[in-house]
Amino acid sequence: MTAKNNPYFSLLYQVDLNGMQTARSSGETVDRSDRWWYREMMETRKSFVSKAFFSATDGIATSSVYFPEFDDAGNMCGILGANIALDQIQKVVSSYDSEGPYSLIVDGDGVCIAHPEPEYVSQSYNYLDGTRLKSGSTTEHEPFNETDLFRKLTQEALNGVSGVT
């Protein structure tokens, strides 16, 4: 019901301490014990938000939040996870004319999560290190022709400098 009433949630799920999903808002439950976020949650036992990523399931930029569950005695007994679709941000940015001045949004690592040209999001362009995903890969990166100006602007924005260039 929560996912249905809040369409920005692309997926909600619960995971036990062994990494097995015990519930999810859609699809079949699966083992998640091999996922980086499961290992991090088991180590830290603290809530956190993931970096933005391009979801292969939805085809849109997504971020996930993870919350540990505790029983009455204070022992961790599970994990709640939620994938949050960032497509509303993409819709706003895409509404601007890409032929002239335009806006883009990067995450805390410089990775593009909204751009007037959606392939910049799907290929995870990183304006700090000048890389993007290789065609057909979900993990391998390659350099792209990035200017020093974009790198400088991205670093300034991440440092809290505001303005228009």
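Preceding this paragraph is the structure being described.
This structure is a prediction, so every number in the text was calculated from the model and none was measured.

Draft legend 1. Summary view of the packing of aromatic side chains. Within the structure shown, the criterion is met by nine aromatic pairs. Through a chain of ring-to-ring contacts, three or more aromatic side chains come together here, namely Tyr13, Trp36, Trp37, Phe48 and Tyr66.

Draft legend 2. Focus on the pairing of strand E2 (residues 21-24). Across three bridges, strand E1 (residues 9-15) lies against E2 in antiparallel orientation. Bridge assignment links Gln14 to a residue of E2, and that residue is Ala23. Remark: five residues form the turn of the hairpin made by E1 and E2, two consecutive strands paired antiparallel; Gly19 in that turn has positive phi of roughly 95°.

Draft legend 3. Just the side chain of Ser63, in detail. Within the fold, Ser63 resides in strand E5 (residues 61-70). A distance of 2.9 Å separates a polar atom in the side chain of Ser63 from the backbone oxygen of Ser50. When sequence neighbours within four positions are dropped, the list of residues in contact with Ser63 reads Val49, Ser50, Lys51, Ala52, Phe53, Ala82, Asn83, Ile84 and Leu86.

Draft legend 4. Looking closely at the environment of Ser94. You can see Ser94 is positioned in helix H3 (residues 87-94). For Ser94, a relative accessible area of 31% puts it in the partly exposed group. Considering only alpha carbons, one finds Ser94 and Asn75, 19 residues apart in sequence, at a separation of 45 Å. Leave out the neighbours within four places in its chain, and Ser94 touches His115 and Pro116.

Draft legend 5. Summary view of helix H2 (residues 36-44). Within the span of H2, buried status applies to Trp37, Tyr38 and Met41. The buried residues of H2 occupy an angular sector of 105° when projected down its axis, which confines them to one face. Contacts made by the buried residues of H2 are with E1, strand E3 (48-49), E5 and strand E6 (76-85). The positive-phi residue at the C-terminal boundary of H2 is Arg45, with phi of around 55°.

Draft legend 6. Spatial organisation of the side chain of Thr62. Within the secondary structure, Thr62 is located in strand E5. What makes Thr62 buried here is its relative accessible area of 1%. Excluding anything up to four places from it in sequence, Thr62 contacts Ser10, Lys51, Ala52, Phe53, Ser55, Asn83, Ile84 and Leu86.

Cut-off values and rules
- Residues numbered from 1 in each chain as written.
- Predicted model: local features only at pLDDT ≥ 70, side-chain atom pairs only at ≥ 80, totals over all residues.
- Heavy atoms only, no water.
- Phe/Tyr/Trp six-rings, centres within 6.5 Å; stacked < 30°, edge-to-face > 60°.
- Pairing = 2+ DSSP bridges.
- Helix = DSSP H or I, 4+ residues; strand = E, 2+ residues; numbered from the N terminus.
- Polar contact = N/O pair within 3.5 Å; in protein donor to acceptor, adjacent residues only side chain to side chain.
- Contact = heavy atoms within 4.5 Å.
- Buried < 20%, exposed > 50% of the residue type's maximum accessible area, 1.4 Å probe, protein only.
- Arc of directions from axis to C-beta.

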